[in-house]
Amino acid sequence: MEGDGRSPYHRGMERDLSESAAMKPSRLAWPTRSPRRGPHSVALCLFGALVACDDPSATGEDGVADGLPDDAVTLDGASRDAAPTDGALTVDGPPDSSGPDGPASDAAGPSPDGPPSDTGPTLHWNEGQARGTHNSTHVAPDRPVHPSHAYTHAPLTTQLAEQGVRQLELDVHHHEDGHFEVFHLPVVDAGTVCQRLSACLDELRAWSEANPAHFPVMVWVEPKDELDFVPPYGPIRPEHYDDLDAELRAGLGPRLFTPDDLRGDHASLPEAVASGWPSLGAMRGRFLFALLDSGEARDHYLEDHPALAGRAMFANPDGPDDPFAAVFKINNAASDHERVGELARQGFVVTSNIDGADSDDETNAARRDASLAAGAHFLSSDFPAPVEGRAYWFELPDGAPVRCNPITASPDCTAERLE
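Basis of the calculations
- Residues numbered from 1 in each chain as written.
- Predicted model: local features only at pLDDT ≥ 70, side-chain atom pairs only at ≥ 80, totals over all residues.
- Heavy atoms only, no water.
- Helix = DSSP H or I, 4+ residues; strand = E, 2+ residues; numbered from the N terminus.
- Buried < 20%, exposed > 50% of the residue type's maximum accessible area, 1.4 Å probe, protein only.
- Contact = heavy atoms within 4.5 Å.
- Areas by Shrake-Rupley, 256 points an atom, 1.4 Å probe, with all protein chains shown as cover.
- Pairing = 2+ DSSP bridges.
- Axes fitted to C-alpha atoms, helices over the stretch in contact; angles between N-to-C directions.
- Phe/Tyr/Trp six-rings, centres within 6.5 Å; stacked < 30°, edge-to-face > 60°.
- Lys NZ or Arg CZ within 6 Å of the ring centre and 35° of its normal.
- Disulfide = S-S within 2.5 Å.
- Patch = residues over 30% accessible without salt bridge, like charges linked within 9 Å, V, L, I, M, F, W, Y side chains within 5 Å.
- Salt bridge = Lys/Arg side-chain N within 4 Å of Asp/Glu carboxyl O.
- Lys, Arg positive; Asp, Glu negative; His and termini not counted.
- Charge placed at Lys NZ, Arg CZ, Asp CG, Glu CD.
- Expected span 1.5 Å × (residues − 1).
- Left-handed = near helix turned anticlockwise from the far one by under 90°.

Engineer: I keep staring at the overall build of the protein chain and nothing clicks. Help me out?
Structural biologist: A tally of helices and strands in the protein chain yields 11 helices and 11 strands. Residues classed as buried in the protein chain amount to 58% of the 419 residues present. Taking the intrachain contacts of the protein chain between residues at least 6 apart in sequence as the baseline, contacts between residues at least 24 apart amount to 73%. Just so you have it, the protein chain exposes about 15500 Å², and 49% of that area is on carbon and sulfur atoms.

Engineer: How do you make sense of the sheet that holds strand E9 (residues 349-353) when you look at a structure like this?
Structural biologist: Sheet strands pair by backbone hydrogen bonding; their relative direction is either parallel or antiparallel. In spatial order, the strands read E8-E9-E10-E1-E11; together these 5 strands make up an open sheet with mixed pairing. Taken across any chain shown, the strands that pair with only one partner, and hence form the sheet edges, are strand E8 (327-329) and strand E11 (402-404). Taken over all neighbouring pairs, the strand axes of this sheet differ in orientation by 20° on average, direction set aside. Relative to E9, E8 is paired through 3 bridges, and the arrangement is parallel. Opposite lysine 329, over in E9, you have threonine 351 as the bridge partner.

Engineer: For this particular structure, what's the right way to read the packing of aromatic side chains?
Structural biologist: Each aromatic ring pair is characterised by the separation of its centres together with the angle its planes make. The tally for this structure, following the rule as stated, stands at 8 aromatic pairs. Ring geometry for phenylalanine 328 and phenylalanine 348: centres 5.4 Å apart, planes at 85°, overall edge-to-face. Within this pair, whereas phenylalanine 328 is found in strand E8, its partner phenylalanine 348 is found in the loop between helix H9 (337-345) and E9, the two being separated by 20 residues in sequence. Note on accessibility: phenylalanine 328 and phenylalanine 348 belong to one class, buried. Every member of this aromatic cluster is reached through a ring pair, and the members are Trp125, Phe215, Trp277 and Phe378. The ring of tyrosine 301 is capped by arginine 311, whose NZ or CZ atom sits 4.1 Å from the centre of that ring.

Engineer: In this structure, what is going on with the state of the cysteines? I would like to understand it.
Structural biologist: Here is the idea: a disulfide is a covalent bond, and it sits between the sulfur atoms of two cysteines. Counted by the stated rule, this structure contains 2 disulfides. Each sulfur in the disulfide pair cysteine 194 and cysteine 200 lies 2.1 Å from the other. Given an S-S torsion of about -135°, the disulfide between cysteine 194 and cysteine 200 has left-handed geometry. Comparing cysteine 194 with cysteine 200 shows no difference in burial state: the two are buried. One disulfide bridge connects cysteine 404 with cysteine 413, the sulfur atoms lying 2.1 Å from each other. A torsion of -100° about the S-S bond marks the disulfide between cysteine 404 and cysteine 413 as left-handed.

Engineer: Just to check I follow, could you spell out a negative patch on the surface for this structure?
Structural biologist: Where like charges cluster on the molecular surface, the negative patch consists of Glu296, Asp299, Glu303 and Asp304. Note on placement: aspartate 304 falls in the loop between helix H8 (296-302) and strand E7 (314-315). Here aspartate 304 falls in the exposed class, since its relative accessible area comes to 71%.

Engineer: Just checking my understanding: could you explain helix H3 (residues 197-210) for this structure?
Structural biologist: In an α-helix there are 3.6 residues to a turn, and that puts residues three or four apart on one side. For H3, with 14 residues, the first-to-last C-alpha span of 20 Å sits near the 20 Å given by 1.5 Å per residue. When you tally the buried positions in H3, you get 10 out of 14 residues, the bulk of the element. When we look at burial in H3, the residues that qualify are Leu197, Ser198, Ala199, Cys200, Leu201, Asp202, Leu204, Arg205, Trp207 and Ser208. Those residues of H3 that are buried lie in contact with helix H2 (156-161), strand E2 (167-175), strand E3 (180-182), strand E4 (217-223), helix H4 (240-252) and strand E6 (287-291).

Engineer: What's the story with H4 in this structure? I'm lost.
Structural biologist: Here H4 spans 19 Å end to end across 13 residues, near enough to the 18 Å set by a 1.5 Å rise per residue. Where H4 is concerned, the buried positions are His240, Tyr241, Leu244, Asp245, Glu247, Leu248, Ala250, Gly251 and Leu252. Summarising the contacts, the buried residues of H4 are in contact with E2, E3, H3, E4, E6 and H8.

Engineer: It is not clear to me how the environment of glycine 234 should be interpreted in this structure. Could you clarify?
Structural biologist: The topology assignment puts glycine 234 in strand E5 (residues 233-234). Residue classification places glycine 234 among the buried residues on the basis of a relative accessible area of 16%. Sequence separation between glycine 234 and glutamate 176 is 58 residues, and the spatial gap between their C-alpha atoms is 6.8 Å. Not counting chain neighbours up to four residues away, the residues in contact with glycine 234 comprise His174, Asp225 and Asp228.

Engineer: What am I meant to see in the packing of H3 against H4 here?
Structural biologist: The relative placement of two packed helices is expressed as an angle between their axes plus a distance between the axes. The geometry of H3 relative to H4 is characterised by a closest axis approach of 9 Å and an angle of 35° between their N-to-C directions. Taken as a pair, H3 and H4 cross one another with a handedness that is right-handed. In contact with Leu197, Ser198, Leu201, Leu204 and Arg205 of H3, H4 contributes Leu244, Glu247, Leu248, Gly251 and Leu252.

Engineer: Help me understand the environment of phenylalanine 257 in this model?
Structural biologist: Mapped onto the elements of the fold, phenylalanine 257 is located in the loop between H4 and helix H5 (259-263). For phenylalanine 257, a relative accessible area of 1% translates into the label buried.

Engineer: Looking at this model, I keep getting lost on unusual backbone geometry. Mind explaining?
Structural biologist: Keep in mind that most residues, glycine aside, have a negative phi and that most peptide bonds are trans. Omega for the peptide link from proline 231 to proline 232 comes to 15°, which places this bond in the cis form. Here proline 232 shows up in the loop between E4 and E5. Of note, alanine 307 is a non-glycine position whose phi angle comes to about 55°, a positive value. Note that alanine 307 resides in the loop between H8 and E7. The residue leucine 308 is not glycine, and still its phi comes out positive at about 70°. Mapped onto the elements, leucine 308 comes out in the loop between H8 and E7. Given the relative accessible area of 0%, leucine 308 is considered buried.

Printed below as a string of structure tokens:
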């Protein structure tokens, strides 16, 4: 869920949680399934023990009745992912990060211009159109407080390897111990398939090492700390963004494609975009992260880093003239199709949400089709696989993980050459 302003729904949850905190428990234990009663009536967790809190966090997908998958991790503290990596990585395949064009070739597989068998003209990342997922670690609670929370995603490795997902979204929270965790909302929508950010990055790296010629993966990182005022979670402060960058670099190493990699000798990112993205071959096997915020969090991230110089992540801009503009998140490409098309033609890369668990199948299908035609590069879905009880789910028309973008692809583009 995106946006800087709090909706009445979020304000209601914040008020309920504030009342809970006023009771001053010695420690708030996070429920195994983060149950809730409703938007303005969040049940409390017992002091020092788990209690059934009515949970509001699903958005219309399978798995609601069955609860968490076997490999899901929840916030009760009993099952924590591995500790963060120490940065000592063994990287077997992706290009190094010495510059925007990377090395001339990669002994592990990809050539500069495509897969090993591809001898056609050079392709670029923004010529593709790929599937993505919204709130990519989300697990539906037993009793969602809102229908938009009723969906459950598979583990990240399954999304990448079996569902053809090439764009992810991670909601991050700062833990009092100094690390970051990934889930939607505390208490009311806390189910996740990948709790510790370092463990999520381990999954991404392991899959990438096994598939070094993969299409570059877009990852949006949303600071989701509006309700993080009860330990062990707290607000993400300006100094924490340096820690977040460090965790990304430690987890992915040279597989991380940064703003500096794109900028090269250009004064700004829009200038670099206008000159063209690096070849697809130079970006294969890599991940591009971007901060999903357009307010205070983004301002903190940009402070002392003009045009994102030295940063690990890109950021969501207001417009193409922002000196850090390169990738955009536009929630609804169907209703904002002219803007999406214009940005795509200028070389910017656009992600759009294309469906929702609180919408019916007909509405979702119409929005999906309009978003495909608009030229959004990454189409973020709650339903990347078939769902029991729904006819709708999102698959690209030709069934491939990536297809040629109808707005930006060159005549030489084919799905086989993209991936």
